[in-house]
Amino acid sequence: METRISRQDIGRGIAQPHLRLGTLSAAVEQLAAPAPAPGSASLTLLLSPSSNVDDRALQGNALWLVRLVGGDAMQMPMRRVRLADGRLGFGRLPAGAYEVIATPYGVVAGSRQEGLDARATFTAEEHDSLTLPVPVRACGTLCITARSPPGRRLEARVAALGADGGSRSLRFEWVGAGHGPLTHATAHSIIAPPLPPGPTTLRFTCEGYAQRGVEVVVLEGEVTDLDVILLAQ
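Residues numbered from 1 in each chain as written. Predicted model: local features only at pLDDT ≥ 70, side-chain atom pairs only at ≥ 80, totals over all residues. Heavy atoms only, no water.

Moving on, we come to the overall build of the protein chain. A tally of helices and strands in the protein chain yields three helices and 16 strands. In the form shown here, the protein chain has an accessible surface area of approximately 13,500 Å², with 52% of it arising from carbon and sulfur atoms. (Helix = DSSP H or I, 4+ residues; strand = E, 2+ residues; numbered from the N terminus. Areas by Shrake-Rupley, 256 points an atom, 1.4 Å probe, with all protein chains shown as cover.)

Once that is clear, we can look at the side chain of Thr183. In this structure, Thr183 sits in the loop between β12 (178-180) and β13 (189-191). On the basis of relative accessibility, which here comes to 1%, the residue Thr183 falls in the buried class. Looking at Thr183, its side chain comes within polar contact range of the main-chain nitrogen of Ala156, at 2.9 Å. Here Thr183 is in contact with Ile144, Ala146, Leu154, Glu155, Ala156, Val158, Phe172, Trp174 and Ser189, once residues within four sequence places are set aside. (Buried < 20%, exposed > 50% of the residue type's maximum accessible area, 1.4 Å probe, protein only. Polar contact = N/O pair within 3.5 Å; in protein donor to acceptor, adjacent residues only side chain to side chain. Contact = heavy atoms within 4.5 Å.)

Moving on: the packing of aromatic side chains. On inspection of all chains with the given rule, the structure shows one aromatic pair. With 5.6 Å between their ring centres and 15° between their planes, Tyr98 and Phe122 make a pair best called stacked. In this pair, Tyr98 sits in strand β5 (residues 97-104) while Phe122 sits in strand β6 (residues 118-123), placing the two residues 24 residues apart along the sequence. Judged on exposure class, the residue Tyr98 and its partner Phe122 are both buried. For the cation-ring pair, Arg79 lies above Phe90, with the distance from its terminal atom to the ring centre recorded as 4.9 Å. (Phe/Tyr/Trp six-rings, centres within 6.5 Å; stacked < 30°, edge-to-face > 60°. Lys NZ or Arg CZ within 6 Å of the ring centre and 35° of its normal.)

A sheet is described by the order of its strands in space; here four strands give the open sequence β10-β9-β14-β15, paired in antiparallel fashion. The sheet terminates laterally at β10 (167-169) and β15 (209-218), the two strands that pair on one side only. Averaged over all neighbouring strand pairs, the angle between strand axes comes to 30°, with direction disregarded. Here strand β9 (residues 157-161) runs beside strand β14 (residues 198-206); their pairing, made up of five bridges, is antiparallel. Bridge pairing in β14 places Leu161 opposite Thr201. (Pairing = 2+ DSSP bridges. Axes fitted to C-alpha atoms, helices over the stretch in contact; angles between N-to-C directions.)

Let's shift gears to the sheet that holds β5. In sheet architecture, strand pairing relies on hydrogen bonds along the backbone and comes in two forms, parallel and antiparallel. Spatial ordering of the open sheet is given by β3-β2-β5-β6, a layout of four strands whose pairing is antiparallel. Because the sheet does not close on itself, it has two edges, and the strands there are β3 (79-82) and β6. Put simply, the sheet's adjacent strands are angled 25° from each other on average, direction ignored. The pairing of strand β2 (residues 63-69) with β5 spans six bridges and is antiparallel. By the bridge assignment for β5, Val66 is matched with Ala102.

A separate point is the nonpolar core. In terms of nonpolar packing, the biggest core is built from 23 residues, with Leu142, Ile144, Leu202, Phe204, Leu226 and Leu230 touching the most fellow members. Among the secondary structure elements, those contributing two or more residues to this core are β8 (141-147), β9, β11 (172-174), β14, β15 and β16 (223-229). Among the elements that line this core, the one with the most residues is β15, at four residues. Beyond its immediate sequence surroundings of up to four residues, Leu202 is in contact with Leu142, Ile144, Val158, Ala159, Ala160, Leu170, Arg212, Gly213, Val214, Val216 and Leu226. If you look at the next biggest cluster of nonpolar residues, it comprises 22 residues, including Val81, Leu83, Val100 and Ala102. (Core = buried A, V, L, I, M, F, W, Y, C linked by side-chain atoms within 4.5 Å.)

Read these as spatial facts, not as claims about activity.
This is the structure we're talking about:
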């Protein structure tokens, strides 16, 4: 016959030393043990290109940002996944309906490049794996040079702007000279990772020079050279 001990019993036991210590210890552990999460489940998410693509397109779309919306998933951080790997695991999801959203890295929230994401809805208790087709397009290579009016190359910071006022600082691969957050004073500076194709606005800042915004169209699978003149303040 099972014997249940309540909190009142424990209180009485403190005042009644003749109760066995082992019984009190077992009762405390029983009350302190967390109840298992009802309907919790794990999910394996697979990202799959929605069409046959070549290695160049896969490289350009290498990183995707994945987030879950619904249930308690608002507390989950955004996750990164490489399309070449294409697999993410989510454990202990409470039962309920969710939406998974995958966005290619480099898209600025509120910009006209939005719309390249992939979405799917699922119910946690009904799925243990989910395949999400993602649109893959060959990104364009954007080679940037910032200059003073006499033509001298400048080391400038560049940010991609969204229509809602948000921005994301860009980084560069310097051809033959490494990489960094500024355009190079002598080498060609290529945005890395590349931006998805489409129109975007870039903001240039450089110490001693006036800030400047420039609109550019990133062409799919092509190299675009952007030469920007900054005026001294």
